[in-house]
Structures are given as C-alpha cells and as structure tokens.
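# Breakdown of the fold
One-letter residues, chain by chain:
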2 protein chains.
Amino acid sequence: MTTPTVRQGEASRIADPDEGISLDELRLAARNHGMPLEALRYDLTPAGLHYVLVHYDIPYVDPVTWRLTIDGLVSPLVLDLADLRGRPRVERTVTLECAGNGRARLHPRPVSQPWLDEAVGTARWTGVPLLDLLGELPEDAVDVVFTGLDHGSDRGVEQDYQRGLGVADLDDVLVAYEMNGQPLPPQHGAPARLVVPGWYGMASVKWLSRITVIAEPFTGFQNATAYRIKTELDSPGEPVTRIKPRALMVPPGFPDFMTRRRIVEAGPVDLFGRAWCGFAPVTRVDVSVDGGLTWTEAELGAAADYAWRSWTLRWDAKPGDTVLMARASAGNDTQPVEQPWNTQGMTNNMAQRVPVTVR
Amino acid sequence: MTTPTVRQGEASRIADPDEGISLDELRLAARNHGMPLEALRYDLTPAGLHYVLVHYDIPYVDPVTWRLTIDGLVSPLVLDLADLRGRPRVERTVTLECAGNGRARLHPRPVSQPWLDEAVGTARWTGVPLLDLLGELPEDAVDVVFTGLDHGSDRGVEQDYQRGLGVADLDDVLVAYEMNGQPLPPQHGAPARLVVPGWYGMASVKWLSRITVIAEPFTGFQNATAYRIKTELDSPGEPVTRIKPRALMVPPGFPDFMTRRRIVEAGPVDLFGRAWCGFAPVTRVDVSVDGGLTWTEAELGAAADYAWRSWTLRWDAKPGDTVLMARASAGNDTQPVEQPWNTQGMTNNMAQRVPVTVR
C-alpha cells in the first residue's frame, strides 16, 4: 500500500477514562445500526438487519436522473442506470464489516461511531465487475478514486465521501445495483454502489457517482486521515485495508431487556455462529465456555470466497454464571483475547464475550 | 382506560444528573435504531429505515409451522399463514412511534432505550381486520390480550411480550402480514403482527402467536409496569395510549460527521417535514427559525387517517448560527417547548431543535 504524505483535518478525540458515552456518540448510534446478533442465523442478512454506517446524510437520489461518470486515465464514459443494468451481471455473496466494529469496548474509548460487536452483515450483491467498466488500465494508473453523493464535513474538512483503491486490488470489485435480489435500499447506496469483497466497509463507496483513474496515490481525507491505524494522535499510521478474522455467536437462551444478560437452561445447548476474514479463509473457530480458561474447536460449515462460514459446538451447560467466547483463525492470525489499542478504534477484533446465567 | 391494580417488577432506573450514556443503553441503541431524519422525505418509510424497537430477541419463526391461536371468550380458532392470507385483506398507511421517543433528552435521564428524535416511521400494512377474526364479542369481554413469540426478562419478570387492549379500541386494528407490499421483515414481526393505528408502538405486538379475549383488565408487565406515565417511581401512574402530536423536519444543508451540526448556504431554503398525532388530526405546524422567539405557520400537505402529513416552509436563511424548531398542534394540544418529565421517559413530544450554521 502507498502511504499518503498529505494529511488533512484535526485529530480525532479520545474519551476521558471514566467518561460515559456522549450525546454525539449516541446521536450516531441512533442513526446507524448494527446487526442484532440473533440475525447471524441467516445466511443472507435481510437488508434492514445488515449493519449500516452513513457518514453524512443518506442522499435522496432520483434513479432516473442518476449518472455514473468514469474518467481520468481511461476513456471517459457516462452511464445511466439502464446502461449499467444492461451489462453482463455477476453476483457475489460478501460479508461486510465496519472498520470501527468494537470501538466502544476500547479503554480509553476513541470518540466516533460507538460500535460494540454488531457492525457486520452478509448480502448477495448483483452488479457489474468494475474492471469490465474500466477496460484496460494504462501503465501509469496507480489508484482509482470512487466518489459518493454523500456530502458533509469531518474534522473541519468539507467533502464528498471519497475513497481511493490501488489498481492491484480491483479484481473482485463490483458496481452493485441489487442487494439480496432487490434494488438497493436508500441506506445501502441506491441506486448503485461499490462492493469491495474482503475489505472493511469504508472501501465500498455508496451512492456512487464518479470513478476516476489517477496516476498518483489518492490523498483524500478518508484514506489519509480517517481510516488509519495509529497509536499516536499525530502519527500518519497505517491504512485500514482487509478484514481481520472474527467469529461471533448467536447469544443462546433469552435476554434481560436492559442488561442483555442471557438466561440459558441447563443441558445440551447447540452454540451457533459465523466466522469470516478478508485476507485468508477461516480455517478454525475455537470456543470457550469458561471465560477463556479452556478452548474447544468448533465444527465449521462450508467455506465461501467472500462470505462468512457457519460454525457449531454442542455445549453441556451446567448451572451457574459463566462467559462464552469465540475466536476465529485465518492465515497465521488468530483473534486476540486482550485488545490492542489504537487512537481511532480501527480493526478491533477482540474475541466476543457473552455473559450467561445457566439455571 | 382501566387502571390495573396489580403491579410487577422492580422500578426502572434514573441516571445521575451528570451520568453519561451507559454501556447498557448503548447496547440497546446498537441493536434498535431510529429513522434517520432525512428519510422523512419518503411518504412510506423503507423497511430498513423505519424505527425498530425489539424488547428481547428477534424470534426465528418458521412461517410454515407458525400458527395464530385465538381463544378466551370467543370461539377458538387456529390459523396458519395461508388461512390468514386467504381472508379478505385491507391496507392501512400508519405512522408508528415509540412511546420512549425523546427519552435521552430528559434531565435526569430515565435509563432505557435511549432515543433522541428518530423513533418513528410510516408504512403501508396489509392484513386482516382484527374484528373480522374475532367475530362478535360477548358482553363480558373487557380486554383482548396479544402475545408475541419474543421472550425475555425485564426488571426480574420473565415473560412473553404481551399487551392488553380494551374492547373499545379495536376498530381499526389489523393483523398484518405485509409491510410496504412485501412479507414482513424479521425485525418487524414476521410472519404476522398487530398494527394498532394511532397508538404508540408498544401496542402493535410483533411475532403474534395468540389473541385471547378476557373478562377483566389485563395486568401483565407491559401494561401495568412498563408503559406507564408517572412522576414518582413507586406510583402506578397512567397508561401510555395514543400518540401525542409531533412535527419533525428534514435537517437542511449537510452535517458534520461527529456533531451532526448542520451547515446551510444563505438564501431561500425550503424546510420540509412531517407531523402526526394519534388522537386527532394535525391541524397546524409552526416553525421557528430563531430558537423559539418567533413562530410562523407552515403549509400543510394532505391529511391522512393514521399517517403523518407533510409540511413546508420557505426560510430566508441569513449568515450566522441559529436553532430551527417545529411543533405540531392537534385537537387542543400543542407540542411543548419545555419538556415535562416522567420517571420512564414516556410520551415525550418536546419540539425538535436543529442547530444550524448559515454561511
């Protein structure tokens, strides 16, 4: 990956150690939402349950007047929705996760969208392969810049949402216009969006309006400032790219309304969950039913190219309080039990903890 | 309304005056979600943008084996989904709002689902009129109890979600199986739910499994304890029933990511919003562009029986900071500018405040 040298915008804020969730964070949590974990049951997440992060407002786009412009170092092209839908289509089932998933569990807490565990979802996306739209790229092409119709300000920088992606990372990318067989819902980028399999969700630009091929690394806010992993506020840090391994389980039993603590009946319980990773296949999921003291390998379901795979484990629940945990392994990486920290709360994949009372 | 004499469960909690949003509240906010206010543009709220409050877990219901049982003081009946869909259908466009909308703006803050302004949505529901299913009610019928498949615990009381509704309030009630022309999504009560037009959302029981006609007032947790308006923790209070008037506007301009403060260009701005009330038609919406010092009557769109109506006002925005406000009137009621307080944060309808910077 290229490391931009241009940085923009003020530093993000880190909460005081004993500071509760602020009104600013709550306002984001009330707009954006995670996937309730019981929806891990569905192979394909229904649209209204799939996680959503909208940086600014959901644009109100008329699909009739919408156009997609392709320019820069390739032959310029302007497509309307009928043009796009008329091209050869492909479908890909893709798990997307927000790069900030788990942020609100960090201490001290980086102040931004305060995700806990649920910023994930899997959908079947239908669209046109990006490379079919771009044609042959010239040798001097370095990045492709994707511009959305969502407009706002972040840390003093006014912008259309924009992300650059290196030319080596374009192979599986789709310009998608359907989600689970239906036209895209407004909050998921209608009428057309990018889907970048394997990458955290910030790469999959919604409400796509322009694709520009450029001869230098893109240094816009979302690449150079927002989606960076850094341990010092004033360091440039490393770019956020592909999704790290994560396993999540459907919390067993039933919840208390306010605390979400689970009540489980003693006896055999079939734990069920999903696991995914963006840079290598998930090869193993381990489960602990004693808060991390011991681990047992779960049985894995069918593997998929870009989507989560299921896992199951029979648990013989005995009365008392405990904490259930799950962690996935992929490539040489296994989810940590203790969380490394970074200033913006990016790419956290600490193992899930589910407190339960067995009765 | 009957006032139950049986109360169940511990008192709800009220946050300390300077207490930030707790992890418990955030956990609820990450699962449940409001309607981003820019979605006020849509006459019918797309399913994934309509507010959702799920008390326990979203049940995983197989529509093939699902049954609806009707019993109590009427002829017993068991229906499957095909039976329900085979009956004469009606459609109603209904605005639903959570009784706790606005709760997180109260001082001190009642601790529960921490809504700000957005717990609302309007959908077209298709289903069977409840009274067609019940047939003639006997003279001694007092309440009808609706039981959902969602199961959990609240303040120490384990329960299936249940609500009772008085026999005088059944006229417009639907057992609905479609939302905006599609089968109900899981989070909105698939395969069938109650829709009680005009009432706060707690009355519209989701994942409906049983309808029972009884000869006494229903005294279950959700009627007798949870959905009560009270100013002392240990008082029985009054039941939450029909929706109070409220107006909301699409925040103009564009937002800052973290603070959601709006930036608006100087010049003419067409403010647009919706207004609704569950006990009388909305007859008036007033807008203030100076933080409540002066008010101007907005132009109202077409009235609807159970759904919001639109409103517009041309604003000549001048550079500087201000606060936009809107408030609806219906019957003899007008939204307050200062908020009355109650221990559980129910039926708040304080006028919306939108801080903006005009440049």
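Residues numbered from 1 in each chain as written. Chains lettered and ligands numbered in written order. Predicted model: local features only at pLDDT ≥ 70, side-chain atom pairs only at ≥ 80, totals over all residues. Heavy atoms only, no water.

## Digging into the overall build of chain A
When you go through chain A residue by residue, the secondary structure sums to four helices and 25 strands. Here the C-alpha coordinates of chain A stretch approximately 65 × 45 × 40 Å along the principal axes. Per-residue burial over chain A gives 61% buried out of 359 residues. For chain A, the share of sequence-separated contacts (at least 6 apart) that also reach a separation of at least 24 residues comes to 74%. Of the roughly 13400 Å² of accessible surface on chain A, 50% is carried by carbon and sulfur atoms. Each charge class in chain A can be summarised by its mean position, and for the 35 positive and 46 negative side chains these summaries are 5 Å apart. (Helix = DSSP H or I, 4+ residues; strand = E, 2+ residues; numbered from the N terminus. Buried < 20%, exposed > 50% of the residue type's maximum accessible area, 1.4 Å probe, protein only. Contact = heavy atoms within 4.5 Å. Areas by Shrake-Rupley, 256 points an atom, 1.4 Å probe, with all protein chains shown as cover. Lys, Arg positive; Asp, Glu negative; His and termini not counted. Charge placed at Lys NZ, Arg CZ, Asp CG, Glu CD.)

## A few points about the sheet that holds strand E2 (residues 68–72) of chain B
All names here are of chain B. Overall, mixed pairing links the five strands, which are arranged E3-E2-E12-E7-E8 in an open sheet. Each having just a single partner strand, strand E3 (77–79) and strand E8 (157–166) make up the two edges of the open sheet. Recorded for the sheet is a direction-independent mean angle of 25 degrees between the axes of neighbouring strands. Of the pairings in the sheet, the one linking E2 to E3 comprises three bridges and is antiparallel in character. When the bridges of E3 are listed, Thr 69 appears paired with Val 78. (Pairing = 2+ DSSP bridges. Axes fitted to C-alpha atoms, helices over the stretch in contact; angles between N-to-C directions.)

## Details of unusual backbone geometry
Residues Ala190(A) and Pro191(A) are joined by a peptide bond in cis, for which omega reads 5 degrees. If you trace the backbone, Pro191(A) turns up in the loop between strand E10 (182–183) and strand E11 (193–195). Notably, Arg260(A) is not glycine yet its phi reads approximately 65 degrees, a positive angle. Structurally, the position occupied by Arg260(A) is in the loop between strand E16 (254–255) and strand E17 (262–264). Assessed through its relative accessible area of 9%, Arg260(A) is described here as buried. Backbone geometry places Arg155(B), a non-glycine residue, at a positive phi of 50 degrees. You can see Arg155(B) is positioned in the loop between strand E7 (143–154) and E8. Judged by its relative accessible area of 18%, Arg155(B) falls in the buried class.

## A word on the relation of the copies chain B and chain A
Superposition record for chain B on chain A: RMSD 0.0 Å, screw rotation 180 degrees, translation along axis 0.0 Å. Within this description, the copies of the chain are treated as partners about a two-fold rotation axis. (Least-squares fit on C-alpha atoms with pLDDT ≥ 70 in both.)

## Some words on the interface of chain B and chain A
Facing 55 residues of chain B, the contacting portion of chain A comprises 55 residues. Both sides of the chain B and chain A interface together cover about 5200 Å² of buried area, and 61% of this is carbon and sulfur. Considering only the surface of chain B that becomes buried against chain A, Phe257(B), Met258(B) and Arg260(B) emerge as the three largest contributors, covering 14% of it. The tally of links between chain B and chain A comes to eight salt bridges. At the junction of chain B and chain A, the tally comes to 21 residue pairs in polar contact (both at pLDDT 80 or more). Those elements that place two or more of their residues in the side of chain B that touches chain A are helix H1 (23–31), E7 and strand E16 (254–255) of chain B. (Buried area = accessible area lost by both parts, 1.4 Å probe. Salt bridge = Lys/Arg side-chain N within 4 Å of Asp/Glu carboxyl O. Polar contact = N/O pair within 3.5 Å; in protein donor to acceptor, adjacent residues only side chain to side chain.)

## Examining the pairing of strand E15 (residues 246–249) of chain B
Residues and elements named next belong to chain B. By the alternation rule, side chains of E15 split into Arg 246 and Leu 248 and Ala 247 and Met 249, which are all buried. Where E15 lies against strand E18 (residues 267–276), four bridges are found, and the strand directions are antiparallel. Along E18, the bridge assignment pairs Leu 248 with Arg 274.

## Quick look at the confidence of the model for chain A
Across chain A, pLDDT averages 96, with 98% of residues at or above 70. For this predicted complex, the interface confidence reaches an ipTM of 0.95, while the overall pTM sits at 0.96. (pLDDT = per-residue confidence, 0-100.)

## Overview of the sheet that holds E18(B)
The antiparallel open sheet is built from four strands, whose spatial order is E15-E18-E22-E21 (chain B). Single-partner strands in this sheet number two, and they are E15 and strand E21 (299–300) of chain B.

## Side note on the packing of aromatic side chains
Residue and element names in this part refer to chain A. Counting across every chain of the model gives six aromatic pairs over all chains. A centroid spacing of 6.0 Å and a plane angle of 85 degrees characterise the contact between Tyr 51 and Trp 115, whose relative ring orientation is edge-to-face. Pair noted here: Tyr 51 is in the loop between helix H1 (23–31) and strand E2 (68–72) and Trp 115 is in the loop between strand E5 (110–111) and strand E6 (120–129), with a separation of 64 residues, a long-range link. Each member of the pair, Tyr 51 as well as Trp 115, is classed as buried. Positioned above the aromatic ring of Trp 295 is the side chain of Arg 327, whose terminal nitrogen or guanidinium carbon lies 4.2 Å from the ring centre. (Phe/Tyr/Trp six-rings, centres within 6.5 Å; stacked < 30°, edge-to-face > 60°. Lys NZ or Arg CZ within 6 Å of the ring centre and 35° of its normal.)

## Let's talk about the pattern of salt bridges
Residues and elements named next belong to chain A. Under the counting rule described, the total for this entry stands at 42 salt bridges over all chains. The residue Asp 321 makes a salt bridge to Arg 261 at a minimum N-O spacing of 3.7 Å. You can see Asp 321 sitting in strand E23 (residues 320–330) and its partner Arg 261 sitting in the loop between E16 and E17, a full 60 residues away along the chain. Between Asp 286 and Arg 284 there is a salt bridge, and its shortest N-O distance comes to 2.8 Å.

## Notes on the pairing of strand E9 (residues 174–179) of chain A
All names here are of chain A. In terms of residue burial, E9 counts as a mostly covered element, since six of its six residues are buried. When E6 meets E9, the two strands line up antiparallel, connected through five bridges. Of the residues in E9, the one forming a bridge with Trp 125 is Met 179. Where E9 and E11 come together, three bridges link them in antiparallel fashion. By the bridge assignment for E11, Leu 174 is matched with Val 195. Looking at chain direction, E9 and E10 are connected through two bridges and run antiparallel.

## Observations regarding the side chain of Glu118(B)
Considering the arrangement of structural elements, one finds Glu118(B) in the loop between strand E5 (110–111) and strand E6 (120–129). Buried and unpaired, Glu118(B) has no salt bridge, with Arg31(A) as the nearest side chain of opposite charge at 5.6 Å. The residues contacting Glu118(B), other than those within four sequence positions of it, are Ala30(A), Arg31(A), Gly34(B), Met35(B), Leu37(B), Tyr51(B) and Asn101(B).

## Thoughts on H1(A)
Burial of H1(A) is extensive: seven of the nine residues sit out of reach of the surface. All of the buried residues along H1(A) are Glu25(A), Leu26(A), Arg27(A), Leu28(A), Ala29(A), Ala30(A) and Arg31(A).

## Some words on the environment of Ile21(A)
Within the secondary structure, Ile21(A) sits in the loop between strand E1 (13–14) and H1. A relative accessible area of 7% places Ile21(A) in the buried class. Separated by 22 residues in the primary sequence, Ile21(A) and Asp43(A) place their C-alpha atoms 33 Å from one another. Residues contacting Ile21(A), with those up to four places away along its chain left out, are Leu26(A), Arg109(A), Gly20(B), Ile21(B), Ser22(B) and Leu26(B).

## What about the environment of Leu293(A)?
Checked against the element boundaries, Leu293(A) lands in the loop between strand E19 (282–288) and strand E20 (296–297). Its relative accessible area of 73% is what places Leu293(A) among the exposed residues.

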